[in-house]
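Observations on chain architecture
Chain by chain, the residues:
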Amino acid sequence: PEAIETTRRLKAEEALRQAQKMEAIGQLTGGLAHDFNNLLTAVIGNLDLIRARSGEPNTRRWADNALQAAQRGTKLTSQLLAFSRTQKLDTVPVDVNALIEGMRSLLNQSLGANVTMDVDLSPNLPPAVADVNQLELAILNLSINSRDAMPDGGTLKISTSLAHDDPGYVVVAVTDTGAGMPADVVARAF
């Protein structure tokens, strides 16, 4: 009994330390994201002016490219703020299948020539209530992790379905033919 209680206490202390670390990381992330967002606001404003006032086609094209990159930075900042819990998630009803279809080009570019993408979308899914940016980021991150797990190539499968145990939930699964994660990585990831 005493050994069991000691084990429970040690596990609880470790969980508390982990929670405190995550809170500190969240606060740091939130502060950096706010500062970065302020810088991006100035960059985007100036790029808009350059694009609007330039009569040179190449300069407008370069400004457009830089503006797109800055807007992706703003989206990333938004995701970091959501991670740090300083910005609320913007949850809306999402057609998950349409979202995945809209990501095909980006995913194919990100995966490269050695990875084959297989998409299996279940028809007639109800909308899922989600933050579109966060869902896109999760699917992209899982896909990139899968690509990295298949250095010699393989198949990445993205599928959607209704949850078997609760048909009120939409399931998005990203699977690959890679070797899988070692146990120590699984422990950190999940």
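Anyway, here's the lowdown on the structure attached to this text. Note that this is a predicted model, so its numbers are computed, not measured.

Rules of the game
- Per chain, residue numbering runs from 1 following the sequence as it is written.
- Under the rules for a predicted model, residues below a pLDDT of 70 receive no local features and side-chain atom pairs below 80 are neither given nor counted, while totals for whole chains, interfaces and linings still include all residues.
- To obtain the side-chain values, all non-hydrogen atoms of the structure were included, while hydrogens and water were left out.
- Salt bridge, as applied in this entry: a Lys or Arg side-chain nitrogen positioned within 4 Å of an Asp or Glu carboxyl oxygen.
- Numbering of helices and strands runs from the N terminus; a helix is a DSSP stretch of H or I covering at least four residues, while a strand is a stretch of E covering at least two.
- Buried means the residue's accessible area, taken with a 1.4 Å probe over protein chains only, is under 20% of the maximum for its type, while exposed means over 50%, and partly exposed covers the values in between.
- The term nonpolar core refers to a set of buried residues drawn from Ala, Val, Leu, Ile, Met, Phe, Trp, Tyr and Cys, joined through side-chain atoms within 4.5 Å.
- Two residues qualify as a contact provided that any one of their heavy atoms is within 4.5 Å of a heavy atom in the partner residue.
- Between any two strands, at least two bridges found by DSSP are needed for them to pair.
- Lines fitted to C-alpha atoms define the axes, with helix axes restricted to the stretch in contact, and inter-axis angles between N-to-C directions lie between 0 and 180 degrees.

For the rest of this paragraph, the subject is the pattern of salt bridges. Oppositely charged side chains may form a pair once their charged atoms are brought near each other. This structure, assessed with the given rule, holds six salt bridges. Note that Glu101 and Arg104 form a salt bridge whose closest N and O atoms lie 2.7 Å from each other. One end of the pair is Glu101 and the other is Arg104, both in helix α3 (residues 96-111) and three residues apart, which spans about a single turn. Taking the relative accessible area as the measure of exposure, Glu101 reaches 38% and is therefore partly exposed. Among the charged side chains, a network of salt bridges with common partners joins Asp48, Arg51 and Asp64.

Glancing now at the nonpolar core. By size, the foremost hydrophobic cluster in this structure holds 19 residues, and its most contacted members are Ile139, Leu156 and Ile158. The element best represented in this core is α3, accounting for six residues. Residues in contact with Leu156, not counting those within four places in the same chain, are Leu111, Val115, Thr116, Met117, Asp118, Ser143, Ser146, Met150, Val174, Thr175 and Asp176. Leu40, Ile44, Leu67 and Ala70 belong to the second largest nonpolar core, which has five residues in total.

Let's shift gears to the sheet that holds strand β5 (residues 170-176). Pairing in this open sheet of three strands is mixed, and the strands run β2-β4-β5 from one edge to the other. Edge positions in the sheet fall to β2 (115-121) and β5, since each of these pairs with one other strand and no more. When strand polarity is set aside, the average angle formed by the axes of neighbouring strands in this sheet is 10°. Here β2 pairs with strand β4 (residues 154-162) via seven bridges, running parallel. The residue bridging Asp118 from the neighbouring strand is Lys157, located in β4. With respect to the sheet, α3 is in contact with β2, β4 and β5, its orientation differing from that of β2 by roughly 180°. Strands in contact with helix α4 (residues 132-148) are β2, β4 and β5; relative to β5, the strand with the most contacts, it is inclined by about 20°.

Limitation: the analysis is restricted to geometry and does not speak to function.
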